[in-house]
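# Chain and residue survey
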Amino acid sequence: MDQKGVNIPDDPADSRPYDIHSAASMAEFGSHVLKYADTFAVYDRRGDLRRDGNGEQGLYHRGTRHLSRLELWMGEGKNERKPVLLNSAVRKDNSLLTVNLTNPDFNDEAGRLIPHGVLHFFRAKLLWEDTGFEHLRIRNYGAETVDLSFSFVIAADFADIFEVRGTRRNERGEMLPSQTSDEAILLGYRGRDGVVRGTHLGFSPGPRSCSGSVVRFHLQLPPHEQQEFYLTVFCEQAQSMRHMMLRKRDMDCKRHYEEARDKRRQLARRLEETSCQITTSNEEFNAWVDRSQDDLNLLLTETPEGLYPYAGIPWFNTFFGRDGLLTALMTLWTNPDIARGVLGYLAGTQAKEEDADRVAQPGKILHESREGEMAATGEIPFQRYYGTVDATPLFVLLAGAYEISTGDHEFIERLWPNIEQALHWIDTYGDLDGDGFVEYEADEDGLTQQGWKDSEDSVFHADGMLAEGPIALCEVQGYVYAAKCHAARMAGLLGKSDLAEQLSVQAEQLQQHFQEAFWCEELSMYALALDGKKRPCQVRTSNAGHTLFTGIASNAHADKLANALFENDMFCGWGIRTLSERELRYNPLSYHNGSVWPHDNSLIGWGLGRYEYKTEVHRLLTALFAASKFEMLKRLSELFCGFIQRPGEGPTPYPVACAPQAWASAVPFVLLQASLGLSIKAAEQCVEFHEPRLPPFLLAVELKNLKVGKGTIDVLLERHEDSVSVKVMRRDEGIKVMTVK
């Protein structure tokens, strides 16, 4: 125990095996991220994967690091040097990383002293499908020929993503002997799951020499001449090594690179065309919106059911139920195709039977899915894991919101059996003790906490003691309430009037019961949770703010809650903290007990707008907009530390936060929607603006290609002294615009 009487584990790493462990912060080194589907890469600012660099650097495919080292060196032996970094950047659409380097003072192979700045190294990197591509161009700006050697130092550790995160393994698979040819290398590993994973590296033109760890090149570069080199890194998985022998491949690396580059650009354009385009009078705000849209597009992955936003890079580049559902909900008005893809995929993976190892019951919606070696061997329980209490009601909630926004009745009718199964899970499996609330018990082999704050120490009482289950989280009751409201309306549309009435009554009863059991007058806030003995966890948390977003909060309580969320103990200037600094477990450096999560704030902001607290919406929008200006690439990361805002300083980064991260990318869209009071009602072919307001830093907002049912509309909103005007710039036939005062 510490001095406050809070139980602290003797060995946190052992007691929290699925936490992300870190010896260094990404901010310490700086990194660049590329992604395509199940392949992603984390590079340093030189475009290298460094052995001595940030722990998560590497090229990953399907949950395994296929390349852990790729460093560019110039010279040989005692003259070996690293090129000097000039600058590096990822293209706006996240498709291409470009790096500019030059030489330090060095002696070339002929013994001549080459002053710094004579050579220019240009590197361009991209990903397509299961392959990484690199284009290297070296130009001599000097007056004499340079006799240059350079090399790539390579390694592949085939570490599972959970190993990279810090999870300890008792046993690993077998590293296989490397295979080399004149122009290619094959590095291999046989996992404990029986799968052989291989990394093929191909070079064009071919190198001077090639081993399993160093590839050397030599060139004589005349004055003002340049030479180009291409590298491909192909990630492969097979059932045996005989299916993965080093074989002659099409080594036209330049053509492959150019084809992949063109496909990436076409994909980026296609995704951009499907979304609503947002332009404002504030260029910095435009940069934040554009970066958010580009990051979201980067994380979108095409599945047979449609688009699905992977949760975040590097740790969560896979399907997550809660993250996908909330991201789809947050971007529903900008791109409803995402919601359709998420609903389709999660319906297809909905649990059909009980499985205690996976925390699955019939009708339950997926928490996450993993493909790596440790998932396949059962070393981690997340191959297909259902340990989440909130994804199932959020699935129903999103289905209802999607129907309102799109009028896609045919899809909802096909989805209805899955919606009914989800509702059955809520009533049959979700309510563990028959008190009318949805609860969860800790999973001994998986996640202890199963709400969105899923770190082990996130649910506790005012004395700091962890709550014992079954645990009923306050925000989850709100999700269930909203789910039943939406389900009632959908049932009515499908002619199921008796069920519609039953669901409406259940929602009304839940809302009333919730006020009685969760409201804490002394906190001016809803309790974080009820524990297994029905004792409220009377601590001030951001969870209570989600009750505004779902509408379960009563009007009387909403006023007090809105005020409490902006007291100095909760609002730090960059946003609302996850936990008040008055609470015993408050720690601004923690994952969930005092940090600031942008998506959490945006959902609270959406709720504040619902209850017509537009001034408070603008406080959150202003705070997170300010935070985005300090973040690398003008993006918001998954979370940042909850320290108080200081003049001239940005928010303090959280060491292992994902960036980009899906629901953080969706933040500006939600808060702009809340500010404008925007809703789309496809059945009435109507766009509605309820008490639209704009913050002082936005004089105008233009929305182009806003989808309303099967049509689109362009709208210009302009701020006046005490109002916002709405002007239709273009619309398809039949679409109406309403401003509600």
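Reference entry: report on the structure contained in this document. (Residues numbered from 1 in each chain as written. Predicted model: local features only at pLDDT ≥ 70, side-chain atom pairs only at ≥ 80, totals over all residues. Heavy atoms only, no water.)

## Observations concerning the overall build of the protein chain
- Within the protein chain one finds 18 helices and 33 strands.
- Taken over the C-alpha trace, the protein chain has a radius of gyration of 27 Å; the compact-globule value for 741 residues is 27 Å, and the two agree within 12%.
- For the protein chain, the C-alpha atoms occupy an extent of roughly 85 × 60 × 55 Å along the three principal directions.
- Pairs at least 24 apart in sequence give 65% of the contacts found in the protein chain among residues at least 6 apart.
- Of the roughly 28000 Å² of accessible surface on the protein chain, a fraction of 47% belongs to carbon and sulfur atoms.
- Placing the 80 positive and 107 negative side-chain charges of the protein chain at their respective mean positions leaves the two points 5 Å apart. (Helix = DSSP H or I, 4+ residues; strand = E, 2+ residues; numbered from the N terminus. Rg over C-alpha atoms; globule rule 2.2 N^0.38 Å. Contact = heavy atoms within 4.5 Å. Areas by Shrake-Rupley, 256 points an atom, 1.4 Å probe, with all protein chains shown as cover. Lys, Arg positive; Asp, Glu negative; His and termini not counted. Charge placed at Lys NZ, Arg CZ, Asp CG, Glu CD.)

## What about the state of the cysteines?
- The tally for this structure, following the rule as stated, stands at 0 disulfides.
- Take Cys 210: it sits in no disulfide, and the sulfur closest to it among the cysteines is that of Cys 253, at 12 Å.
- For the unlinked cysteine Cys 658, the closest cysteine sulfur is that of Cys 641, found at 15 Å. (Disulfide = S-S within 2.5 Å.)

## Focus on the nonpolar core
- By size, the foremost hydrophobic cluster in this structure holds 229 residues, and its most contacted members are Leu 148, Phe 150, Trp 333 and Phe 395.
- Ranked by residue count, the leading element in this core is helix H11 (residues 474-493), at 11 residues.
- In this structure Leu 148 touches Met 74, Phe 106, Glu 109, Leu 119, Phe 121, Ile 138, Phe 217, His 218 and Leu 219, once residues within four positions along its chain are discounted. (Core = buried A, V, L, I, M, F, W, Y, C linked by side-chain atoms within 4.5 Å. Buried < 20%, exposed > 50% of the residue type's maximum accessible area, 1.4 Å probe, protein only.)

## Examining the environment of Thr 232
- Topologically, Thr 232 is positioned in strand S18 (residues 226-238).
- Since its relative accessible area comes to 12%, Thr 232 is described here as buried.
- C-alpha of Thr 232 to C-alpha of Leu 126: the two residues are 106 residues apart in sequence and 9.9 Å apart in space.
- Setting aside anything within four residues of it in sequence, one finds Thr 232 in contact with Thr 131, Gly 132, Phe 133, His 200, Leu 201, Gly 202 and Cys 253.

## Quick look at helix H4 (residues 253-274)
- If you check H4, its first and last C-alpha atoms are 32 Å apart, about what 22 residues at 1.5 Å a residue would give, namely 32 Å.
- Burial in H4 covers these residues: Cys 253, Tyr 257, Ala 260, Arg 264, Leu 267, Ala 268 and Leu 271. Down the axis of H4, the smallest arc covering the buried residues is 100°, so these residues share one side. (Expected span 1.5 Å × (residues − 1). Arc of directions from axis to C-beta.)

## Examining the environment of Ser 542
- Structurally, Ser 542 can be placed in the loop between strand S27 (529-530) and helix H13 (546-550).
- Given a relative accessible area of 0%, Ser 542 falls into the buried group.
- Sequence separation between Ser 542 and Leu 126 is 416 residues, and the spatial gap between their C-alpha atoms is 39 Å.
- Those residues within four positions of Ser 542 in sequence are excluded, and the remaining contacts are Trp 452, Lys 453, Met 570, Ile 576, Arg 577, Thr 578, Asp 600 and Ile 604.
- Polar side-chain contacts of Ser 542 include one of 2.5 Å to the side chain of Asp 600. (Polar contact = N/O pair within 3.5 Å; in protein donor to acceptor, adjacent residues only side chain to side chain.)

## Focus on unusual backbone geometry
- Cis peptide bonds are those with omega within 30 degrees of zero, and the linkage from Ile 313 to Pro 314 qualifies with 10°.
- Along the chain, Pro 314 falls in the loop between strand S21 (306-309) and helix H6 (321-330).
- The omega angle of the peptide bond from Ala 659 to Pro 660 is 5°, so this bond is cis rather than trans.
- For Pro 660, the position within the fold is in the loop between helix H16 (614-630) and helix H17 (662-665).
- Phi at Phe 158 is positive, roughly 50°, even though this residue is not glycine.
- Along the chain, the position of Phe 158 falls in the loop between strand S12 (146-155) and helix H3 (161-165).

## Some words on the sheet that holds strand S11 (residues 131-140)
- Overall, antiparallel pairing links the 8 strands, which are arranged S6-S7-S10-S11-S18-S15-S14-S13 in an open sheet. One side of each edge strand has no neighbouring strand; the edge strands of this open sheet are strand S6 (84-90) and strand S13 (174-180). The average angle at which neighbouring strand axes cross in this sheet is 15°, direction not considered.
- On the sheet, H4 packs against strand S10 (119-128), S11, strand S15 (196-204) and S18 and is oriented at approximately 60° with respect to S10. (Pairing = 2+ DSSP bridges. Axes fitted to C-alpha atoms, helices over the stretch in contact; angles between N-to-C directions.)

## A short note on the packing of H16 against helix H18 (residues 667-676)
- Following both chains from N to C, one finds H16 and H18 inclined at 155°, their axes separated by 9 Å at the closest point. On the basis of the axis angle, H16 is roughly antiparallel to H18. Of the two possible hands of crossing, H16 and H18 adopt the one that is left-handed. Contacts from Lys 614, Val 617, His 618, Leu 620, Leu 621 and Leu 624 of H16 reach H18 at Val 667, Leu 671, Ala 674, Ser 675 and Leu 676.
- For the contact of H16 with H18, the residue count by class is 8 nonpolar, 2 polar and 1 charged. (Parallel < 35°, antiparallel > 145°, perpendicular 65-115°, else oblique. Left-handed = near helix turned anticlockwise from the far one by under 90°. Nonpolar A, V, L, I, M, F, W, Y, C, P; charged D, E, K, R; others polar.)

## Some words on the packing of aromatic side chains
- The final tally for this structure, using the stated rule, is 35 aromatic pairs.
- Relative to Tyr 189, the ring of Phe 158 lies with its centre 5.7 Å away and its plane at 10°, an arrangement referred to as stacked. With Phe 158 in the loop between S12 and H3 and Tyr 189 in strand S14 (residues 184-190), the pair connects residues that are 31 residues apart, well separated along the chain.
- Looking at Phe 158, the relative accessible area reads 1%, which means it is buried.
- Relative to Phe 320, the ring of Phe 316 lies with its centre 5.4 Å away and its plane at 80°, an arrangement referred to as edge-to-face.
- With a relative accessible area of 12%, Phe 316 lands in the buried category.
- Owing to a relative accessible area of 7%, Phe 320 belongs among the buried residues under this scheme.
- Members of the aromatic cluster, each reached through a chain of ring pairs, are Phe 150, Phe 152, Phe 203, Phe 217 and Phe 229. (Phe/Tyr/Trp six-rings, centres within 6.5 Å; stacked < 30°, edge-to-face > 60°.)

## Focus: the environment of Asp 732
- Examined against the element boundaries, Asp 732 turns out to sit in the loop between strand S32 (724-731) and strand S33 (736-740).
- A relative accessible area of 30% means that Asp 732 is categorised as partly exposed.
- In the structure, Asp 732 is positioned 29 residues away from Leu 703 in sequence and 14 Å away in space, judged by C-alpha atoms.
- Every residue in contact with Asp 732, bar those within four places of it in the chain, is listed here: Gly 711 and Thr 712.
- A polar side-chain atom of Asp 732 sits 3.2 Å from a polar atom in the side chain of Arg 730.

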